[in-house]
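Per-entry structural report
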Amino acid sequence: MSEVFWWVVFPYIAFTIMLVGMLYRFAFRGVTWTAPSTEFFEKKWLRIGSPLFHYGIIFAFFGHIMGMVVPKRFYDVLGVNDEMYHAFGIIGGGFAGLMVVAGLIILLIRKMTVPRVRAQASFADYFAVILVLLVSILGTYITIIYNTTVHAYEYRTTIGPWFRSLFVFQPQYELMTAVPFVFRFHVIVAFLLFASIPFTSLVHIFSFPARYPTRAPIQYRSRIGYRKGSSTRK
Amino acid sequence: MRIKAQVAMVMHLDKCIGCHTCSVTCKNVWTNRPGVEYMWFNNVETRPGPGYPKQWEDTKRFKGGWVLKNGKLTLRAGGPITKLATLFYNPDLADMNQYYEPWTYDYEHLITSPKSKHLPVARPKSMITGEFIDKPEWGPNWDDDLAGGSENVSLDPNVKKLQEHIAMEYEKTFMMYLPRICEHCLNPPCVASCPSGALYKRDEDGIVLVDQEACRGWRFCMSGCPYHKVYYNWNTHKAEKCNFCYPRTEAGLPTVCSETCVGRLRYLGVVLYDADRVKEAASVEDPKDLYESQLSVFLDPFDPQVIAEARKAGINESWIQSAQDSPIYKLAMKWKIALPLHPEYRTLPMVWYVPPLSPIMNHIEEGALNTDHYIPAVDHMRIPMEYLASLMTAGDTEVIRKVLLKLTAMRVHMRQQTVGGMDELSHSELLKEAGMSAGDIEDMARLLAVAKYDERFVIPTGRREMNDDLYYRYGACSIEGLAPPEGMMTYPFGKEE
């Protein structure tokens with residue numbers, strides 16, 4: 001029964017809170033949607049911590065796509081055998097994980113010790129940083145220590161298919177029953193993190209300005225079009 | 001031709017007494033909330049000096065504005081790809097130390113202090129951390145009226161550029177005031193720097209604004225603006241800037257800074273320009289040609305062809321009329337005595353400055369009252385022409401000299417009319433050197449010295465016919481958004497279609 005809760009009910013609750021919460025915040029609290037930078041207060045430590053963390057987590061994101069979203073069959077067809085895959089996963093993922101953890105620790109210490117940053121840090125800020133830190137420490141532990149000392153766990157046949165099954169609304173929770181504890185813990189904390197996104201500064205993940213390179217440099221907007229957000233281009 | 005209208009400002013620096021009334025009234029209206037205490041949409045700096053924020057003109061460090069790279073106009077800090085790569089840390093951003101840490105005083109202590117031997121003191125207290133600041137070391141206008149002396153003057157990037165000894169001996173010092181607001185540029189680098197597309201230039205009046213709902217706090221506008229006139233609200237984590245008091249200008253009222261200016265040195269008006277020519281004008285090779293090329297984008301509001309095109313572009317009669325009566329058009333384009341601030345940034349700024357003249361007039365009066373000496377005196381003024389040129393003409397002293405000659409000619413001509421005492425020959429010689437007719441000079445004297453409210457501020461009201469639901473609003477109740485009339489459809493996202 002608890003298996004059904006953790007691998008069916010809980011993930012869907014987390015996703016629902018995330019989606020509904022973000023829609024609500026975007027529509028009704030749009031003014032609060034931002035990347036809450038503290039660079040204006042302190043630059044020296046941010047210069048090291050922030051790029052380290054952000055680039056690390058972008059690499060980690062693509063790593064998770066490779067492991068969770070892309071099916072194992074794909075690698076088999078390509079001729080990538082399990083050893084090659086795991087060697088790449090452990091080295092690449094390990095680097096990304098270390099970057100994330102190191103960056104986050106710098107950022108967390110900075111948040112707690114630099115007076116200006118500390119004074120303006122909210123509960124939600126600490127909550128988000130500590131939760132991401134917990135998830136990434138677990139993930140880095142799995143990648144670097146568990147995979148090399150216990151065994152290179154084949155999550156592509158258990159966690160991956162389970163994760164994909166969530167999106168087709170056919171959750172195969174039984175795949176998760178035999179998964180080692182650290183992996184299960186990592187997944188549960190990650191879903192907790194997803195659920196917290198709408199309530200923290202993490203919403204800025206979804207604001208990556210990907211369209212910037214393609215738009216006209218100078219933007220004109222007419223008063224007529226203001227509320228509709230339309231713009232004429234140069 | 002793509003005609004657009006732009007509201008612009010001229011500041012006549014001769015009349016600025018550095019009283020900071022503009023800054024204070026602006027602050028009371030716009031920046032007296034948590035998160036924006038350190039912001040001055042309008043500030044008045046004593047020059048030479050580091051300015052606000054400190055050394056904002058140091059483009060090598062902050063990388064604001066545009067540059068020509070292989071003949072192509074690009075942002076100095078780099079294009080979109082560079083920006084996305086440095087999204088997580090902007091190396092060019094000025095931090096709070098370049099502005100100042102805002103503080104208040106512990107006034108409460110004055111009332112609650114127990115009886116003691118010494119008078120209670122209200123200690124300064126940071127508005128960021130809430131901690132006491134034992135010794136504030138920098139604040140707004142810390143360097144006012146050359147305070148700090150040569151130590152602060154030498155921080156001025158213009159002084160550094162001149163590479164000459166600027167005398168700080170008491171008898172030889174010079175200073176001037178430079179009131180600054182957002183330039184509402186024709187080619188705004190802040191708009192081009194914004195990854196979210198939140199900054200935009202209004203089609204109707206050219207005012208540059210930040211869409212608070214679209215801003216994601218990436219902060220490239222702050223470093224992209226070479227004038228450092230976009231600020232970061234550390235409370236809302238969004239950018240804010242001077243909005244040219246658009247709620248006032250839309251109603252035909254001058255901006256707060258202009259309205260309250262004690263010296264009445266600010267002029268507001270409309271100019272028409274060709275938006276298709278902006279990029280070309282900003283892309284001329286030699287920075288010294290930028291002033292002339294900027295002037296070339298403006299259109300003559302009396303030209304019938306321009307009027308016809310303007311009507312076609314949807315600019316209505318009151319705006320065309322305002323463009324014809326515009327004091328900006330007269331000062332900046334017709335008489336050419338108002339100059340842009342740092343044209344070398346290639347932004348085509350829309351706040352213009354009439355350079356100050358007073359010190360050389362004193363210089364003349366100190367010497368023998370020889371009327372022949374007006375022209376040479378312009379070349380030996382107290383504020384070095386190179387300094388003014390570094391501020392307003394990308395180093396071209398010839399333009400500054402011409403403007404100062406015009407202003408000198410105006411004073412001499414008006415003095416001649418009331419006091420006399422100058423022979424015909426040197427009088428006509430001066431007019432010839434200044435390149436102005438007596439009629440123009442008298443018009444100029446009127447606009448600079450006696451112009452009334454309506455002559456200084458020629459602002460057409462915002463175009464209400466552009467509100468899309470005027471018919472609906474006719475007779476409507478102002479709280480209808482909160483309590484719509486029965487039977488009206490309401491939409492959860494706020495806007496009636």
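Our structure's up above, just so we're on the same page.
Read on for a plain summary of the structure. (Residues numbered from 1 in each chain as written. Chains lettered and ligands numbered in written order. Predicted model: local features only at pLDDT ≥ 70, side-chain atom pairs only at ≥ 80, totals over all residues. Heavy atoms only, no water.)

1. With respect to the overall build of chain B
Where we set the bar: Here a helix means four or more residues in a row that DSSP labels H or I, a strand means two or more in a row labelled E, and each is numbered from the N terminus. Only protein chains enter the accessibility calculation, which uses a 1.4 Å probe. A residue is then buried if its area is under 20% of the maximum for its type, exposed if over 50%, and partly exposed in between. Reported accessibility uses the Shrake-Rupley method at a 1.4 Å probe radius. Residues are deemed covered only where the shown protein chains occlude them.
Along its length, chain B carries 23 helices and 14 strands. Within chain B, the fraction of its 497 residues that count as buried is 57%. Of the accessible surface of chain B, which amounts to about 21700 Å², a share of 54% is contributed by carbon and sulfur atoms.

2. Thoughts on the pairing of strand β14 (residues 351–354) of chain B
Regular strands place their side chains on alternate faces of the sheet. Residue and element names in this part refer to chain B. Test applied: In this analysis, strands are considered paired if DSSP registers two or more bridges between them.
Residue alternation in β14 divides its side chains into two sets, V351 and Y353 and W352 and V354, and both sets are buried. Pairing analysis gives four bridges linking strand β1 (residues 3–12) to β14, with the strands arranged parallel. Opposite M11, over in β14, you have Y353 as the bridge partner.

3. Some remarks on the pattern of salt bridges
Inclusion rule: Whenever a carboxyl oxygen of Asp or Glu lies within 4 Å of a side-chain nitrogen of Lys or Arg, that contact is scored as a salt bridge.
Under the criterion given, the structure shown has 29 salt bridges over all chains. Residues D211(B) and R221(A) are paired through a salt bridge, measuring 2.8 Å at the closest nitrogen-oxygen approach. Linking D211(B) in the loop between β9 (208–210) and α8 (220–224) with R221(A) in strand β1 (residues 219–221), this pair reaches from one chain into another.

4. Points about helix α13 (residues 304–312) of chain B
Residue and element names in this part refer to chain B. Note the threshold: Arc definition: it is the arc formed by the directions from the helix axis to the C-beta atoms. Contacts between residues were defined by any pair of non-hydrogen atoms, one from each residue, lying within 4.5 Å. Polar contact is defined as a pair of N or O atoms within 3.5 Å, subject to the rule that within protein one atom must be able to donate a hydrogen and the other to accept it, and that residues adjacent in sequence are counted only when both atoms are side-chain atoms.
All of the buried residues in α13 are V306, I307 and A310. The buried residues of α13 all sit within an arc of 100° when viewed along its axis, so they share a single face. Away from its buried face by more than 90 degrees, α13 exposes P304, Q305 and K312. Tucked inside the fold, the buried residues of α13 contact β1, β12 (266–274) and α14 (317–325). For α13, the capping residue at the N-terminal end is D303, with a side-chain oxygen 2.9 Å from the backbone nitrogen of Q305. At the C-terminal side of α13, G314 shows a positive phi close to 90°.

5. Comments concerning the interface of chain A and chain B
Rules: Any residue that is not Ala, Val, Leu, Ile, Met, Phe, Trp, Tyr, Cys, Pro, Asp, Glu, Lys or Arg is counted as polar, Gly included; the first ten are nonpolar and the last four charged.
Across the contact, 45 residues belong to chain A and 71 residues belong to chain B. The interface formed by chain A and chain B contains three salt bridges. The shortest N-O distance in the salt bridge between R219(B) and E39(A) comes to 2.7 Å. Scanning the region where chain A abuts chain B turns up 31 residue pairs in polar contact (both at pLDDT 80 or more). For the side of chain A that touches chain B, the secondary-structure elements that each account for two or more residues are α1 (2–28), α2 (44–69), α5 (115–120) and β1 of chain A. In terms of residue count, the dominant contributor to the side of chain A that touches chain B is α2(A) (seven residues). Its residues assigned to classes, the side of chain A that touches chain B shows 24 nonpolar, 11 polar and 10 charged. Taken together, the two bridges between β1(A) and strand β8 (residues 199–202) of chain B define a ladder with parallel strand orientation.

6. Notes on the sheet that holds β14(B)
Residue and element names in this part refer to chain B. Our working rule: Angles shown run from 0 to 180 degrees and are taken between the N-to-C directions of axes, each axis being a line fitted to C-alpha atoms and, for helices, limited to the stretch in contact.
Pairing is mixed in the open sheet, where four strands are placed in the order β12-β1-β14-β13. Unpaired on one side and paired on the other, β12 and β13 (339–340) mark the two borders of the sheet. In the packing of helix α15 (residues 327–334) onto the sheet, the strands contacted are β1, β12 and β14, and the crossing angle to β12 comes to about 70°.

7. Focus: α2(A)
All names here are of chain A. Defined as follows: Multiplying 1.5 Å by the residue count of a helix minus one yields the expected span of that helix.
With 26 residues, α2 should reach 38 Å at 1.5 Å per residue; the first-to-last C-alpha distance of 37 Å fits that figure. Those residues of α2 that fall on the buried side of the exposure criterion are L46, G49, S50, F53, H54, G56, G67 and M68. The inward-facing, buried residues of α2 contact α3 (72–78), α4 (82–113), α6 (123–149) and α7 (159–167).

8. Side note on the packing of α7(A) against helix α8 (residues 181–196) of chain A
All names here are of chain A. Spelled out, the test is: Working definition: roughly parallel below 35 degrees, roughly antiparallel above 145 degrees, roughly perpendicular at 65 to 115 degrees, and oblique for all remaining angles. Less than a right angle of anticlockwise turn of the near helix away from the far helix marks a crossing as left-handed, whereas a clockwise turn marks it as right-handed.
For the pair α7 and α8, the least separation of the axes is 12 Å and the interaxial angle reads 25°. In terms of their interaxial angle, α7 and α8 are classed as roughly parallel. You can see that α7 and α8 cross each other, and the crossing is right-handed. Residue-level inspection shows I159, W162, F163 and L166 of α7 in contact with α8, the latter providing F183, V187 and F191.

9. Examining a nonpolar patch on the surface
This is how it is decided: Nonpolar side chains (Val, Leu, Ile, Met, Phe, Trp, Tyr) within 5 Å and like charges within 9 Å form the patches, drawn only from residues with over 30% relative accessible area and no salt bridge.
A cluster of nonpolar residues, F5(A), W6(A), V9(A), I13(A), I17(A) and F199(A), forms a patch on the protein surface that exposes about 520 Å² of accessible area. Summarising the element assignment, I17(A) is placed in helix α1.

10. Some words on the environment of V10(B)
All names here are of chain B. Tracing the backbone through its elements, the reader meets V10 in strand β1. Distance in space between the C-alpha atoms of V10 and I337 is 10.0 Å, their sequence separation being 327 residues. In this structure, V10 is in contact with L265, R266, Y267, I328, L331, A338, W352 and V354, ignoring residues within four places of it in sequence.

11. Side note on the pairing of strand β7 (residues 176–180) of chain B
All names here are of chain B. A large share of β7 lies buried, amounting to five of its five residues. Burial along β7 is two-sided: M176, L178 and R180 facing one way and Y177 and P179 facing the other are all buried. Pairing between strand β2 (residues 43–47) and β7: five bridges, direction antiparallel. Bridging across to β7, N43 finds its partner in R180.

12. Focus on the packing of α4(A) against α6(A)
Residue and element names in this part refer to chain A. Interaxial distance between α4 and α6 falls to 9 Å at its minimum, and their mutual angle equals 150°. With respect to their mutual orientation, α4 and α6 come out roughly antiparallel. Crossing geometry of α4 relative to α6 is assigned as left-handed. Considering only residue class, the contact of α4 with α6 consists of 15 nonpolar, nine polar and two charged.

13. Side note on the side chain of S37(A)
With respect to the secondary-structure elements, S37(A) resides in the loop between α1 and α2. Only 2.9 Å separates the side chain of S37(A) from the backbone nitrogen of E39(A), close enough to count as a polar contact. Ignoring any residue separated from it by four or fewer positions in sequence, one finds S37(A) in contact with G217(B), R219(B), Y232(B) and H237(B).

14. Quick look at the environment of D82(A)
All names here are of chain A. Considering the arrangement of structural elements, one finds D82 in helix α4. When the C-alpha positions of D82 and E154 are compared, they lie 8.5 Å apart, and in sequence the two are 72 residues distant. In contact with D82, other than residues within four places in its own chain, are K72, E154 and R156. A polar contact is formed between the side chain of D82 and the side chain of K72, at a distance of 3.5 Å.

15. Re a negative patch on the surface
Residue and element names in this part refer to chain B. How we decide: Residues counted as positive are Lys and Arg, residues counted as negative are Asp and Glu, and His and the chain ends are not counted. Each charge is placed at NZ for Lys, CZ for Arg, CG for Asp and CD for Glu.
A contiguous patch of negative charge on the surface is contributed by E285, D286, D289 and E292. Checked against the element boundaries, E292 lands in helix α12 (residues 290–295). A residue is classified by how much of its surface remains accessible, and E292, at 46% relative accessible area, is partly exposed.

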